[in-house]
Structures are given as structure tokens and as C-alpha cells.
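A look at the structure
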Amino acid sequence: MLIGLLHSQRNGHQPIALVGGATGKIGDPSGRKTERTAMEVDMISHNVASIEKQIRHIFNNHKELLHKKSTPLPELIVVNNADWYSQLNFVEFVSQIGRFFRMGSMLSRASVQSRLQSEQGMSFTEFTYQIFQAYDWLHLLKHFNCRFQLGGSDQMGNIMSGHELISRVVKTEVFGLTLPLITNEEGDKFG
């Protein structure tokens, strides 16, 4: 994803990297056979800070060592979704945002279907992940005019949920792009 963001930046687009301080508490069910073990708040905070530091380091190295200096690059924006979710009231969020989601569409997502058919099933917590990722995109659109979202190929359902939410709430044309995941020899994605 970072290489995709760097290519976008080189072509004049504002790169926005989202770190999931809030969604890290939920856990993305995509590509998983079982529910993620809940992490302690301190571990999530540490991970968010480390990921942001790595992202900034990669973008700074690109700017200083690889980019042609004659063309200025749009500055990188790094946001943490915990910043906006900590300001939301759960009941208001469900009543205002939840009404734009349809159960049939949510249940039909491949990541949901594979988990529903598994022995362990899927928790409500994991099921809501696509709502939160969709709302992330809506928030980024409203605050940063983010009309393109890049995600791994395992994120297609989540990106579709965001596209549907935005088309229902603000009726703005947005685009999602998935990129192939980097996997190990067994075919599992690197996290």
C-alpha cells in the first residue's frame, strides 16, 4: 500500500495514511479463519506509534533519496482513526451511520461469508469492522477530500462498503483500488 501511496504522491495526489488506533481494537476479519485476540490498549498505542513512525520514515527517505527535487511532492498526512471515534457517541453513530448499511450487502461480503461458514463463526465485533472502515473513508472525504482509497485485495468488501456509504450520504463520486497482497510461501499475508 505504501508503494501505491508513493506512486500517487509522485503524480500530484495528497497521500493520506490511515492507522487504526480504533479499528485495531476490533480486528479486521478479512483473510482470517478465527477471531483475532483482543490487544491491550497500551499495545495498540505502541503499534500505532510504531507504524506511523515507519510510514513517515519511508516517505522521508523517498523524498530525500529517490525523488527528483525539481518537482515538489504533496506532503504526507498520517491520521489515526481513534482521533474521530473517541469523539463519537455510540448510539448516535449507530442511529446516524448504521441506517445507511443493508444487512444483505454486508452478509454477502466474501470475508463475512467465509467466516460465517467456519466452525467458529463471526462475532458482532468483527462484523462491524466494515462499517468502521467505511466510515473512515467518509470521514477522510469530508475532512481531506479523499476520493480514492487504496487497499489490499482482501479489502474489496470493506472498500465497497465505504463506496456505498459515501454514495448514500454525500452522493460524491469516489473510487477504490485494490492492490495484490505480499504473501509468504504458504500464501499468508504479511502483517
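Everything below is about the structure shown above.
Model, not experiment: these values are computed from the prediction.

1. Notes on the nonpolar core
Grouped together as the largest cluster of nonpolar side chains are 27 residues, with contacts concentrated most on Tyr85, Phe93, Ile97, Phe101, Tyr135 and Leu165. For this core, the secondary-structure elements that each account for two or more residues are α4 (82-85), α5 (90-97), α9 (129-144) and α10 (156-169). No other element matches the nine residues that α9 contributes to this core. In this view, Leu165 contacts Ile97, Phe100, Phe101, Ala134, Tyr135 and Leu138; residues no more than four positions away in its chain are not counted.

2. Re the packing of α9 against α10
Orientation of α9 relative to α10, taken along the N-to-C sense of each, is 55 degrees, at an axis distance of 8 Å. With respect to their mutual orientation, α9 and α10 come out oblique. Seen from above, α9 lies across α10 with right-handed handedness. Two secondary-structure elements touch here, α9 through Tyr129, Gln130, Gln133, Ala134, Tyr135, Trp137, Leu138 and Leu141 and α10 through Asn158, Ile159, Ser161, Gly162, His163, Leu165, Ile166 and Val169.

3. Side note on empty space enclosed by the protein
Per the stated rule, a full pass over the model turns up one cavity of 30 Å³ or more. Of the volumes computed, that of the largest cavity is approximately 40 Å³. If you go around the largest cavity, the residues you meet are Phe100, Phe101, Arg102, Ser105, Met106, Arg109, Ser161, Glu164 and Arg168. Considering every element that reaches the lining of the largest cavity, the biggest residue donor is α10, with three residues. A class-by-class count of the residues in the lining of the largest cavity yields three nonpolar, two polar and four charged.

4. Section: the packing of helix α1 (residues 2-10) against helix α3 (residues 41-66)
Contact geometry for α1 and α3: axes closest at 11 Å, N-to-C directions at 45 degrees. Here α1 is positioned oblique relative to α3, judged by the angle of their axes. Handedness of the crossing formed by α1 with α3: right-handed. Judged by residue contacts, Leu2, Leu5, Leu6, Gln9 and Arg10 of α1 engage Ile55, Ile58, Phe59, His62 and Leu66 from α3.

5. Describing the pattern of salt bridges
This model, assessed by the stated rule, comprises four salt bridges. Note that Lys63 is salt-bridged to Glu75, the shortest N-O span being 2.9 Å. Of this pair, Lys63 sits in helix α3 while Glu75 sits in the loop between α3 and β2 (77-80); the two residues are twelve residues apart in sequence, bridging distant segments of the chain. We classify Lys63 as partly exposed; its relative accessible area is 36%. Two residues, Arg115 and Glu126, come together in a salt bridge whose shortest N-O distance is 2.7 Å. Pair noted here: Arg115 is in helix α7 (residues 110-116) and Glu126 is in helix α8 (residues 124-127), with a separation of eleven residues, a long-range link. Just as Arg115 is buried, Glu126 falls in that class too.

Rules of the game
- Residues numbered from 1 in each chain as written.
- Predicted model: local features only at pLDDT ≥ 70, side-chain atom pairs only at ≥ 80, totals over all residues.
- Heavy atoms only, no water.
- Core = buried A, V, L, I, M, F, W, Y, C linked by side-chain atoms within 4.5 Å.
- Buried < 20%, exposed > 50% of the residue type's maximum accessible area, 1.4 Å probe, protein only.
- Helix = DSSP H or I, 4+ residues; strand = E, 2+ residues; numbered from the N terminus.
- Contact = heavy atoms within 4.5 Å.
- Axes fitted to C-alpha atoms, helices over the stretch in contact; angles between N-to-C directions.
- Parallel < 35°, antiparallel > 145°, perpendicular 65-115°, else oblique.
- Left-handed = near helix turned anticlockwise from the far one by under 90°.
- 1 Å grid on protein atoms, 1.4 Å probe; cavity = no way out; pocket = protein on both sides within 12 Å on 5 of 7 lines; lining within 4 Å.
- Points joined across faces, edges and corners; volume = space filled by probe spheres on them.
- Nonpolar A, V, L, I, M, F, W, Y, C, P; charged D, E, K, R; others polar.
- Salt bridge = Lys/Arg side-chain N within 4 Å of Asp/Glu carboxyl O.

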